[in-house]
Amino acid sequence: MKKLLTVLFSFFLLSSPSVFADDISDFSIEGISIGDSLLDYMTEEEILEEIELRKYMYSYFNEPNKYVEVYLWKDFPTYDFVSVMVKNNSTSKYLTDKKEKYIILSVYGTIRYMEDFEGCKLKRDEIIETLSNRFPNTQKIETSYKHPIDPSGNSLKDVTSFIFDSGNRVEGECADFEETLRIKNKWSEGLSISVITEEIVNWLQDH
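Fair warning: this is a prediction, and the values are worked out from it, not measured in the lab. (Residues numbered from 1 in each chain as written. Predicted model: local features only at pLDDT ≥ 70, side-chain atom pairs only at ≥ 80, totals over all residues. Heavy atoms only, no water.)

Novice: I'm lost on the state of the cysteines in this one. Help?
Specialist: As used in these notes, a disulfide is a covalent bond between sulfur atoms, one from each of two cysteines. Under the counting rule described, the total for this entry stands at one disulfide. Across a sulfur-sulfur distance of 2.1 Å, C120 and C174 are joined as a disulfide pair. A torsion of -95° about the S-S bond marks the disulfide between C120 and C174 as left-handed. With a gap of 54 residues between them, C120 in helix 4 (residues 117–134) and C174 in strand 6 (residues 169–176) connect regions that are remote in the sequence. Of the residues examined, C174 reaches a relative accessible area of 0% and is grouped as buried. (Disulfide = S-S within 2.5 Å. Helix = DSSP H or I, 4+ residues; strand = E, 2+ residues; numbered from the N terminus. Buried < 20%, exposed > 50% of the residue type's maximum accessible area, 1.4 Å probe, protein only.)

Novice: Quick question: what am I supposed to make of the pattern of salt bridges here?
Specialist: Between side chains of opposite charge, a pair can form as their charged atoms come close. Tallying each qualifying case throughout the model produces 13 salt bridges. E126 serves as the salt-bridge partner of K123, at 4.0 Å between the closest nitrogen and oxygen. Of this pair, K123 and E126 both sit in helix 4, separated by three residues, roughly a single helical turn. The class of K123 is buried, set by a relative accessible area of 18%. The salt bridge partner of E173 is K157, with a shortest N-O separation of 3.3 Å. (Salt bridge = Lys/Arg side-chain N within 4 Å of Asp/Glu carboxyl O.)

Novice: How should unusual backbone geometry be read in this particular structure?
Specialist: Negative phi is the rule for most residues except glycine; trans is the rule for most peptide bonds. Located in the positive-phi region is E30, a residue other than glycine, with phi close to 50°. Among the structural elements, E30 can be located in the loop between helix 2 (17–20) and helix 3 (44–54). Judged by relative accessible area, E30 falls into the partly exposed class, the value being 21%.

See the structure below:
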């Protein structure tokens with residue numbers, strides 16, 4: 001409950017019209033924003049280790065290596081962990097500015113709800129109710145589907161999206177992985193609040 005209240009309080013602090021009316025550029029999750037360099041939060045060695053560790057996660061995509069999800073394992077005040085998406089161009093010789101290689105394109109804050117999908121959705125819906133009042137000019141879409149990473153069809157996602165005119169999104173999502181798969185891969189499951197650019201949205205839908 002404390003974490004839920006902290007999440008809601010965080011969104012309340014961001015409730016001024018200048019922040020919520022138009023787009024996601026001023027949003028942050030645990031102080032991390034779209035357009036930041038990941039090098040401001042991790043060393044390049046840590047980033048490369050994460051890229052190697054996580055490269056399997058989107059193997060079922062048409063362009064599986066175009067982007068990569070990197071996890072930041074720190075003691076965050078609100079979320080259990082935070083992850084971001086960056087272009088997987090870490091070895092590109094054409095980018096002379098190293099920081100350009102690691103521009104953050106999406107940010108995800110996650111609170112664990114292990115084996116408690118219904119509890120996760122109840123808490124997510126409380127947050128969504130608050131966000132609905134903050135995003136009156138966005139398109140709101142609710143979707144539930146089987147996670148494509150699980151061939152058994154027993155892993156589920158339940159997502160509410162707020163879509164801006166730019167194509168960028170803010171989402172509240174609950175994930176429930178099939179237990180054998182989750183334990184085998186040492187995955188977490190639960191509530192995620194995310195800020196996602198259109199670039200990443202288009203890639204995530206291409207599989």
